[in-house]
Amino acid sequence: MNALCHEVQVEGVLKTNEPMARHTSWRVGGPAECYFKPASIEDLSRFLSDLDDDVPVLWVGLGSNLLVREGGVGGVVIGTTGLLNGLERLDETLVRAEAGVPCTTLARQCVRWGLGPAAFFAGIPGTVGGALAMNAGAFGGETWEQVVGVTTMDRAGVLRERVPADFQVGYRSVVAPAGEWFISATLRFDARPDTSLAEIKSLVARRKETQPIGQPSCGSVFRNPAGDHAARLIEAAGLKGYAVGGAVVSEKHANFIINRDHASATDIEQLIAHVRATVAAQHGVQLELEVRIVGAPPDGGST
């Protein structure tokens, strides 16, 4: 075990050189210098408090909306799946969801409780923590429209209670206090006793009809520009089916890039660059990334 992880005592799983391809929805990515899956909140807090202040930390849930380069990730990756999975109803309208809860689980449970609008969360292919970090949305709804408070953890392992005013929230964008990560959120919904799982089934069916569900992707690659849709611009540029190596622009939804045939992270990143350049040349629009790209390139250069 390398020096970064060697002196840290944990109850959970701590690995070195863990392939991030195992932890991302694109199924690509080089190794994490250290990968930590805590056994409890207390284990996580102790780990962070023992970690040197200059060690980079990356939090990963289901690994959607994330591209890890082949050169890997320095520092520590913290995997939250299986840990922060608490979900409870606090009162008539308030729900507390921990960061590791899949958004689809949140949607279904809120509908069972007769609360809404919550069905839109079924269209978000990640966890509550990821949805909070980027103000994820689907079917006209956005995460932070429902948030009344969050619990975060800082670099010292200390839990903090924060309100939406502590964050700068925009379209697929959240600026949070530095060195803090989401542990849970308190969400407010309306009482909707007439809601049913049929609504979620309808939205999921619609999603399956229009998106390449079941194929390795990150979800939407680009943010929608004001007054338009990234998918329309990409399709109009004739890029559906365009491939670089094993990565291809989806024929079903042009804002999805699929790992069709053992693509590398470099294949995907080069395809992203080609799509951006082509759309800019043909439409004069600079597409902004929704996906986050991290890690070092294969040659070990700068990120």
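Residue positions within a chain follow its written sequence, with the count starting from 1. Local features in this predicted model are restricted to residues of pLDDT 70 or higher, and side-chain atom pairs are both shown and tallied only at a pLDDT of 80 or more, whereas totals for entire chains, interfaces and linings draw on every residue. In computing side-chain properties, one takes all heavy atoms of the structure into account and sets aside hydrogens as well as water.

Trainee: With reference to specific residues and values, describe the pattern of salt bridges.
Mentor: By salt bridge we mean one thing: a side-chain nitrogen of Lys or Arg within 4 Å of a carboxyl oxygen of Asp or Glu. Per the stated rule, a full pass over the model turns up 16 salt bridges. Across the pair Glu269 and Arg69 runs a salt bridge, and its minimum N-O distance is 2.9 Å. A residue pair is termed long-range when its members are at least 10 positions apart, and Glu269 in helix 7 (residues 265-283) and Arg69 in the loop between strand 4 (66-68) and strand 5 (73-79) qualify at 200 residues. When a residue's accessible area, from a 1.4 Å probe over protein chains only, is under 20% of the maximum for its type it is buried; when over 50% it is exposed; and in between it is partly exposed. Accessibility expressed as a relative area gives 24% for Glu269, which makes it partly exposed. Between Arg223 and Glu288 there is a salt bridge, with its nearest N and O atoms 3.2 Å apart. Of this pair, Arg223 sits in the loop between helix 5 (197-210) and helix 6 (230-236) while Glu288 sits in the loop between helix 7 and strand 20 (292-294); the two residues are 65 residues apart in sequence, bridging distant segments of the chain. Given a relative accessible area of 47%, Glu288 falls into the partly exposed group. Every helix listed is a DSSP run of H or I at least four residues long, and every strand listed is a run of E at least two residues long, numbered separately from the N terminus.

Trainee: Would you mind going over the sheet that holds strand 1 (residues 13-19) in detail, with residue names and values included?
Mentor: One requirement defines pairing of two strands: DSSP has to find at least two bridges between them. Read across the open sheet, the four strands follow the order 1-2-5-3; overall the sheet is mixed. The strands lining the two open edges of the sheet, one partner per strand, are strand 1 and strand 3 (57-60). Neighbour-to-neighbour, the strand axes of this sheet turn through a mean angle of 30°, independent of strand direction. Of the strand pairs in this sheet, strand 3 and strand 5 are connected by four bridges, and their pairing is parallel. Counterpart to Trp59 in the pairing with strand 5 is Ile78. In this analysis, axes come from line fits to C-alpha atoms, helices being fitted only over the stretch in contact, and the angle between any two N-to-C directions falls in the range 0 to 180 degrees.

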